[in-house]
Amino acid sequence: MSSTVDDDTTTLPPPVLTDGIVVHDLHRAFGSVKALDGVHLTARAGAVTALVGPNGSGKTTLLLVLAGLLVPDRGAVRVAGHDPVAHGPLARAGTGWMPDTFGTWDSLTAREVLLTFAAAYRLSPAAAAARVTELLATVHLSEYADRPASVLSRGQKQRLGLARALVHDPSVLLLDEPASGLDPRSRVDLRILLRRLADEGRTVLVSSHVLSELDEMADDAVFLSRGRTVVPEATAGTSASWHVRALSVEALTAWLTSTGTAWQPDGAAATATGAGGVLVDVDGDDGAARLVRDAVTAGVPLVSLVPAAGALEQAYLTLEEERR
Ligand code: ADP
Ligand code: MG
């Protein structure tokens, strides 16, 4: 434990908050690389908080500090009211950690992997057996319970990693890219499970650079860029790309061109119904309403108009643009 951590905790308000996560001015360097360079965040209990940032922005480093697996250079951290550095065992007992890559055990079955962790958390053998059976069902791995974990697919291993993080019924969940490698069905299951865990009053912090899934599952978002928490430029009301589809893409493009509106072909628009579409820059909801009204007035057989990216993705793209 470094004394700076203790010194800096005095800059935090008294730890009245006994749940959730609070991070104040966190720093951690690896040699000359400042992986964390001034992170501030709050994650509420009862909510899913997205930790969003490009590759190398410090997400994994931050989660390792929160999980008590990496000592920060300075800054203050409270996880469920505990300092993971000063009160490691206490903090870890209430924290479930799912790493981005989950090691394999050549000889252990999925059930044995979870029983091993349950024993490490000192669950009694009877309680552990029941808990593990329940968790295998929760992550839809019951039929793989007694097969070697090494034969599981990447997505199945991710689900086993999630079950592992839940073994000791933690109040705080730290999940590093949990949706990576999951098929669409498993992503939906993950979203439902994270929602349930949050509804039970837990704190869920989930990192990803795949934004569409976070957009759907997160209540709050924290953005990291080059080791710092940043507030993305407001995207509401600014011009953004929308998918515009019409029964006749020729009629649509002819009309857009005649009104002087720039458009681009939309590779994602081809559908079995024969309707086609283009990408158009639209000036917020007002611009979208205007476009619908004018297109319909001009007799263009409009089918749909949807934003090309969710709110998180658009915020993320403003961060990507600032990368050098
Ligand atoms: P993310 O998870 O957002 O992709 P990381 O936290 O893994 O980002 O990495 C942040 C930065 O710190 C990167 O520049 C990375 O190369 C560096 N880094 C992370 N871990 C180490 C380490 N153990 N040794 C040296 N550099 C590291
Ligand atoms: Mg990472």
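Residues numbered from 1 in each chain as written. Chains lettered and ligands numbered in written order. Predicted model: local features only at pLDDT ≥ 70, side-chain atom pairs only at ≥ 80, totals over all residues. Heavy atoms only, no water.

### Let's talk about the overall build of the protein
Thinking step 1. Secondary structure summary: the protein contains eleven helices and 13 strands in total.
Thinking step 2. When burial is assessed residue by residue, the protein has 46% of its 324 residues classed as buried.
Thinking step 3. Here the protein displays about 15400 Å² of accessible surface, and carbon together with sulfur accounts for 54% of that area. (Helix = DSSP H or I, 4+ residues; strand = E, 2+ residues; numbered from the N terminus. Buried < 20%, exposed > 50% of the residue type's maximum accessible area, 1.4 Å probe, protein only. Areas by Shrake-Rupley, 256 points an atom, 1.4 Å probe, with all protein chains shown as cover.)

### Details of the site of ligand 1
Thinking step 1. Neighbouring ligand 1 are Phe 30, Val 33, Ala 35, Pro 54, Asn 55, Gly 56, Ser 57, Gly 58, Lys 59, Thr 60 and Thr 61.
Thinking step 2. Within the side chain of Thr 61, one N or O atom sits 2.6 Å away from an oxygen atom of ligand 1.
Thinking step 3. Of all the secondary structure elements, the ones that give two or more residues to the shell around ligand 1 are strand 2 (33–43) and helix 2 (59–66).
Thinking step 4. Class assignment of the residues belonging to the shell around ligand 1 gives a composition of four nonpolar, six polar and one charged. (Near = heavy atom within 4 Å. Polar contact = N/O pair within 3.5 Å; in protein donor to acceptor, adjacent residues only side chain to side chain. Nonpolar A, V, L, I, M, F, W, Y, C, P; charged D, E, K, R; others polar.)

### Describing the packing of helix 4 (residues 110–120) against helix 5 (residues 125–138)
How two helices sit against one another is set out by the angle between their axes and by the gap between those axes.
Thinking step 1. At a minimum axis separation of 9 Å, helix 4 and helix 5 run at an interaxial angle of 130°. Viewed along their axes, helix 4 and helix 5 adopt a mutual orientation that is oblique. The handedness of the crossing between helix 4 and helix 5 comes out as right-handed. Contact residues: helix 4 offers Ala 110, Arg 111, Leu 114, Leu 115 and Ala 118, while helix 5 offers Ala 128, Ala 129, Val 132, Thr 133 and Leu 136.
Thinking step 2. For the contact of helix 4 with helix 5, the per-class residue count stands at eight nonpolar, one polar and one charged. (Axes fitted to C-alpha atoms, helices over the stretch in contact; angles between N-to-C directions. Parallel < 35°, antiparallel > 145°, perpendicular 65-115°, else oblique. Left-handed = near helix turned anticlockwise from the far one by under 90°. Contact = heavy atoms within 4.5 Å.)

### Looking at the pairing of strand 8 (residues 220–225)
Thinking step 1. Alignment of strand 3 (residues 48–52) against strand 8, held across four bridges, turns out to be parallel. Following the sheet pairing, Leu 51 is matched in strand 8 by Val 222.
Thinking step 2. Bridge count for strand 8 against strand 9 (residues 228–230) is three bridges, and the pairing is antiparallel. Bridged to Phe 223 within strand 9 is Val 230. (Pairing = 2+ DSSP bridges.)

### Some thoughts on the layout of surface pockets
Thinking step 1. Empty space within the largest pocket amounts to approximately 330 Å³.
Thinking step 2. What lines the largest pocket is a set of 14 residues, and nearest its centre among them are Arg 92, Ala 93, Thr 95, Tyr 121 and His 168.
Thinking step 3. Mapped onto the lining of the largest pocket, the elements with two or more residues apiece are helix 3 (88–93), strand 5 (95–98), helix 4 and helix 6 (154–166).
Thinking step 4. Among the elements that line the lining of the largest pocket, the one with the most residues is helix 3, at three residues.
Thinking step 5. Residue composition of the lining of the largest pocket, grouped by class: nine nonpolar, two polar and three charged. (1 Å grid on protein atoms, 1.4 Å probe; cavity = no way out; pocket = protein on both sides within 12 Å on 5 of 7 lines; lining within 4 Å. Points joined across faces, edges and corners; volume = space filled by probe spheres on them.)

### Let's talk about the sheet that holds strand 2
Thinking step 1. Within the open sheet, the three strands sit side by side as 2-1-4. Their pairing is antiparallel. Where the open sheet ends on each side, the last strands, each with one partner, are strand 2 and strand 4 (74–79). In this sheet, neighbouring strand axes are inclined to one another by 25° on average, regardless of whether the strands run parallel or antiparallel.
Thinking step 2. When strand 1 (residues 21–30) meets strand 4, the two strands line up antiparallel, connected through five bridges. Looking at the pairing, His 24 lines up with Ala 76 of strand 4.

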